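# Analysis of the macromolecular model
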Amino acid sequence: MAVTTEASSPLQLRAVVKTFARGKDAVHALDGVDLEITAGKVTGLLGPDGAGKTTLMRLAAGLLRPSSGSVTVLGRDLGRGAGSLQQAIGYMPQRFGLYEDLSVQENLDLYSDLQDLDPKAARQRQQELLELTALGPFGRRRAGDLSGGMKQKLGLACALLRAPQLLLLDEPTVGVDPIARRELWQIVDALRRQGTTVLMSTSYFDEAERCDEILLLNAGKILQQGPLPHFTAPLRGRCFLVRHRGLRRRLLREALQGRAGVLDARITAAGVRVLSGQGQPSAQPGEEWQAVEPAFEDAFVALLGRVQEGGATNASKTPEQGAVKPAEKAIGRAGDGDTAVVEVHDLRKCFGSFEAVRQCSFTVRQGEIFGLLGANGAGKTTTFRMLCGLLPASSGSLKVAGVDMRRATSAARGRIGYVAQKFALYGNLSVDQNLAFFAAAYGLRGGHRRMAIANAREEFQLAAYGAVNADDLPLGIKQRLALACALLHEPPILFLDEPTSGVDPLARREFWQRINALAAQGVTILITTHFMDEAEYCDRLVLMSLGEILAQGSPAQLRQQARTAEQPEPTMEEAFIRLIEEHERVIRRAS
Amino acid sequence: MNSRRLRGLIRKEFIQIRRDPSAIAIAFFMPVFLLFLFGYGVSLDARRVPLAVVVDQPTAQSSTLVAGLEHSPYFRPRHYASIQEARTALLRRQVDGIVWLRADFSRRLLRGQSPDIGVFVNGVDANNARIVEGYLQGVWQNWLQQRALAAGTPLLVPVDAKDRVWFNPALRSRDYLVPGLIAVIMTLIGALLTALVVAREWERGTMEALMATPVQMAEILLGKLIPYFLMGMGGMLLSVALAVWLFAVPLRGSFWVLLLSSALFLLVALGMGLLISSVARNQFVAGQIAIIVTFLPAFILSGFIFDIQSMPAAIRIITHLIAARYYVSLLQTLFLAGDIWPIVLWNSLALGLMALFFLGITLRRSHKRLD
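Computed from a prediction, not measured in an experiment: that's the story for all the values here. Here the residue numbering is sequential within each chain, running from 1 through the sequence in written order. Whichever chain is written first becomes A and whichever ligand is written first becomes 1, with later ones labelled in order. In keeping with the model being predicted, local features are shown solely for residues with a pLDDT of at least 70 and side-chain atom pairs are shown and tallied solely at 80 or more, while totals for entire chains, interfaces and linings include all residues.

What follows is about the interface of chain A and chain B. The contact criterion used here is simple: two residues whose C-beta atoms, placed from the backbone, lie within 7 Å are in contact. Of the residues lining the interface, 24 residues belong to chain A; the matching set on chain B comes to 24 residues. Strands are runs of DSSP state E lasting at least 2 residues, helices are runs of H or I lasting at least 4, and numbering of each runs from the N terminus. If you tally residues by element for the side of chain A that touches chain B, the top one is helix α2 (residues 104-114) of chain A, at five residues. Class assignment of the residues belonging to the side of chain A that touches chain B gives a composition of ten nonpolar, six polar and eight charged. Charged residues are taken to be Asp, Glu, Lys and Arg, nonpolar residues to be Ala, Val, Leu, Ile, Met, Phe, Trp, Tyr, Cys and Pro, and polar residues to be all remaining types, Gly included.

Let us now look at the nonpolar core. Counting 247 residues, the largest nonpolar core has A:I525, B:A183 and B:V268 as the members making the most contacts within it. It is helix α7 (residues 173-203) of chain B that contributes the most residues to this core, 19 residues altogether. Setting aside residues no more than four positions away along its own chain, A:I525 makes contact with A:I369, A:F370, A:L494, A:L496, A:I515, A:L518 and A:A519. The term nonpolar core means buried Ala, Val, Leu, Ile, Met, Phe, Trp, Tyr and Cys residues held together as one set by C-beta atoms within 7 Å. Residues are called buried when their C-beta atom has 20 or more other C-beta atoms within 10 Å, exposed when it has 12 or fewer, and partly exposed otherwise; all C-beta atoms are positioned from the backbone. Within the second largest apolar cluster, 21 residues are counted, among which are B:V49, B:L51, B:L101 and B:V132.

Residue and element names in this part refer to chain B. Lines are fitted to the C-alpha atoms to define the axes, a helix being fitted only along its stretch in contact, and any angle between axes, read from their N-to-C directions, falls within 0 to 180 degrees. Where helix α10 (residues 255-279) contacts helix α11 (residues 283-300), the axes come no closer than 10 Å and their chain directions differ by 140°. Taken together, the axes of α10 and α11 are oblique relative to one another. The handedness of the crossing between α10 and α11 is right-handed. In this structure, α10 uses A269, M272, G273, I276 and S277 to contact α11, whose residues at the interface are A286, I289, A290 and T294. A class-by-class count of the residues in the contact of α10 with α11 yields six nonpolar, three polar and no charged. Here is the rule for angles: anything less than 35 degrees is roughly parallel, anything more than 145 is roughly antiparallel, 65 through 115 is roughly perpendicular, and the remaining ranges are oblique. Left-handed describes a crossing whose near helix is turned anticlockwise from the far helix by less than a right angle; the clockwise case is right-handed.

All names here are of chain A. The pairing criterion for strands is at least two bridges between them, as found by DSSP. Ordered in space as β2-β1-β4-β5, the four strands form an open sheet in which the pairing is antiparallel. A strand with exactly one partner marks an edge of an open sheet, and here the two such strands are β2 (25-37) and β5 (76-77). As paired strands, strand β1 (residues 11-22) and β2 are joined by ten bridges and run antiparallel to one another. Pairing of A21 across the sheet is with A26, part of β2. Strands in contact with helix α1 (residues 53-60) are β1, β2 and β4 (68-73); relative to β1, the strand with the most contacts, it is inclined by about 120°.

We now examine the sheet that holds strand β23 (residues 540-545) of chain A. Residue and element names in this part refer to chain A. Judged by pairing direction, the sheet is mixed, and its six strands sit side by side in the order β20-β21-β22-β17-β23-β24 without closing on themselves. Edge positions in the open sheet fall to β20 (416-419) and β24 (548-553), since each of these has one partner strand only. Looking at each pair of strands side by side, their axes are set apart by 15° on average, direction ignored. In this structure, strand β17 (residues 369-373) lies alongside β23, joined through four bridges in parallel fashion. Bridging from a neighbouring strand, L372 pairs with V542 of β23.

On to helix α15 (residues 446-459) of chain A, then. Look at α15(A): 20 Å from first C-alpha to last across 14 residues, which is about the 20 Å you get at 1.5 Å a residue. Directly after α15(A), the chain includes A:Q461, whose backbone phi takes a positive value near 50°. For a helix, the expected span equals 1.5 Å multiplied by the residue count minus one.

Each pair of packed helices can be summarised by the angle the axes make with each other and by the distance between the axes. All names here are of chain B. Contact pair helix α9 (residues 217-246) / α10: the axes reach a minimum separation of 10 Å and the direction vectors enclose 135°. Of the possible angle classes, the one that applies to α9 and α10 is oblique. Relative to α10, the crossing made by α9 is right-handed. Facing L221, K224, L225, Y228, F229, G232, M233 and M236 of α9, the residues of α10 in contact are S262, A263, L266, A269, L270 and L274. For the contact of α9 with α10, the class distribution of residues is eleven nonpolar, two polar and one charged.

Right, let's talk about helix α12 (residues 380-387) of chain A for a bit. All names here are of chain A. Among the eight residues of α12, seven are classified as buried, and the element is accordingly described as predominantly covered. Buried within α12 we find K380, T381, T382, T383, F384, M386 and L387. Looking one or two places after α12, you find G389, whose phi comes out positive at around 75°.

Residues and elements named next belong to chain A. Across five bridges, β1 lies against β4 in antiparallel orientation. Bridge pairing in β4 places V17 opposite S68. Summarising the sheet, β4 and β5 pair through two bridges and their orientation is antiparallel. If you follow T72 over to β5, its bridge partner there is D77. Between β4 and β5, which pair antiparallel in sequence order, lie two residues; one of them, L74, sits at a positive phi of approximately 50°.

As a per-residue measure, pLDDT reflects the predictor's confidence and takes values from 0 up to 100. Averaged over every residue, the pLDDT of chain B is 88; residues scoring 70 or more account for 96%. Interface predicted TM-score (ipTM) for the complex: 0.79; the corresponding pTM is 0.82.

Let us now look at unusual backbone geometry. Although it is not a glycine, A:E498 adopts a positive phi angle of roughly 45°. In this structure, A:E498 sits in the loop between β21 (493-497) and α17 (505-520). A count of 23 C-beta atoms within 10 Å places A:E498 in the buried class. Phi at B:R93 takes a positive value of approximately 60°, unusual for a residue other than glycine. As for its position among the elements, B:R93 is in the loop between α4 (83-91) and β3 (97-101).

What follows is the structure, encoded as structure tokens:
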């Protein structure tokens, strides 16, 4: 087995190109990548969708061969396959690679055998890992019955059985709840202390900041590599927090985004965060500007925003000007009115003996952005399907647009726009064909239909993609198309189920700008997400866990609930963790 | 090759088989279902064929002929008053054939003129029609012989065919359908089930995780081959046991020859299954391909039901590419005729070559990589 010296890097790529054939074209997943990972450090791999993160991981694990260039792992060239080197590499693929019909113990046994550990050593190591991951009590449970967070920890344990020198984690925190994310990081930190080299891809900026080094990948090329200050130092003096006494954050953000010299404005817990091109842009009366330390997210936006403006033409332009009827309507907007558009009372849904949703009550007012937050499996999608009349409720009452959804579902459907998880577009129809189909499906005819389609193409900047099949679109564009299709019949209520899942950070912020614009026009929006930072964009939200509502209110109210002496200013994520822990304590006390 | 890794993979496979209802359904339920269907339900023999009998003028002579029909296990005669009524019954498919004894039947018979019998058979089901025709002729022949015997005069036929049916004297179609079925059942387990379980590993992303461990490709392949080989042999033994003890099909050849040749065929089926799954990485496509290129040919082109010699020349040539053809021929010979060495050896050689071919290609095509 190769022995690494202090100086040599556990993973080196030299001029690596990887192309895949897609139909007649060759797609460059990686396009001339040179990099070196520092031994004993945690390196974060970031980049938008399709940047080549998974390809890079698979190359390092010896699962793919580079089209040209060389990959050196632990001092050995991978040109002829990884062979015995794979004993020293731990790799966790995106879907964790578990056998769902095997129990936790059986999965561990299988991977111990595959790593050729002798039974005694295997048992000892398994014991250590079960302790580390706190999976001990679940040894006999089937992997398929574990929660997302537990699956992720089991997948990690399987990759760690023969303590690897190089650990590769491909998006380990996608779709798991904040608690599981925190636990994963505790494990990664423990490994870092033991000197394991870790390369992990992620789409969370806060995770990038916890890494020793960051690799930013875009369109198959390395954009920048280095420790965090390397990214943030050039932005010093360009980041500001803006507050306004009279204006709500959303309106303030809109005003700031359009201002000269502002590259980006985003809503955070404390106020609106602004990234300027240079120095401080001009302040308006009533605004309170405060210089802040740059964060990785600022660097990400600055670096990728620049690339996209240089490369693309009209596609990546923000929708601010074109899409939105100006904000004058928004001032008298009904958000603060009290017409209830959605009323849910004591909603309950059982699948067999399993209670997917219970005691769910909330009210959504017209023009609100209402969020359902929670990890995968919290019951968000089930609640949504009941609201849209796609799934009958087991008990409770629900009214959408004044219609009782348990009786007359079809009457309400014409007033609802629905974007399903993963978008549910016709993959082998082109963008134009998808639009035409959905327009027909909503019963639009003649001139009205032509107008609706023309508007959608313009507002969502889809004209350039008219003839492209939906399957071949980047995820961000697909999301735009799905939104355009759901809005063709101009519904006053829009349901969005995990619209930002898997979509890269830039496409996500563009998406939220559109949603804000729609809300400003008076559309009521219900949205589910497992990204806690997106909560700040909502007017009000509910936090769900295991089918129950833990808390509801405005983002500020929720954060307020979780405020403690040690954490006077908790983020939404910290608030979520606290609320769940509190909830569990209550359950334990009750039982 | 590392025995611990291989053991781990095989153990995993058996746990999965035990917990997966669809694997158990394909491996155990389907064979029993097919055996019962073909053993009890499907028969290519014509029995109790409804037959219209029209006797224009009943006499002693005509009644002995009708009695002959009535006593035959092959027919269930029904009497109709006129040929028109019988015709209507045939059109309505209430009967499959008509025997018409005209008014002058007895008179001509007694006068020594050879009388004719009208025989009409519904030819819509051509196969059945031919069989009914043959049986009718048999009854007719029998009747003539008995008349001659009664009269004390030998029946004069210029050429008398003394036919004897070898190997399956009762001509029970079950006796050759049930052995042939074993080929279909083993194709099901070897090719379809194997292709599905490998495709499932690709679909669920477990193959990617497997490949990131130090395991070798040969170990992954053997880890699939060994469990499903055992399953297939189990399916074979189950079918043989049912064939011999439940359906009373004779096993005249040696059990060990049967076992060995079955092992060879199973290797071919497994090779095809593994090859399919290296091309199709999702269960739906893998299942479709397996059914079209392995299961249906084993059913239709193997000689299991349809005689290969009576196929058009082009199809006949194609059947040489179907492994099940060789195995069906082996099975039918071993069960009904015995250890006929030329047949056993040639067919086994063909199976051996095919096994080498499919397993060899699979090994060459399988790389421990995702692209």
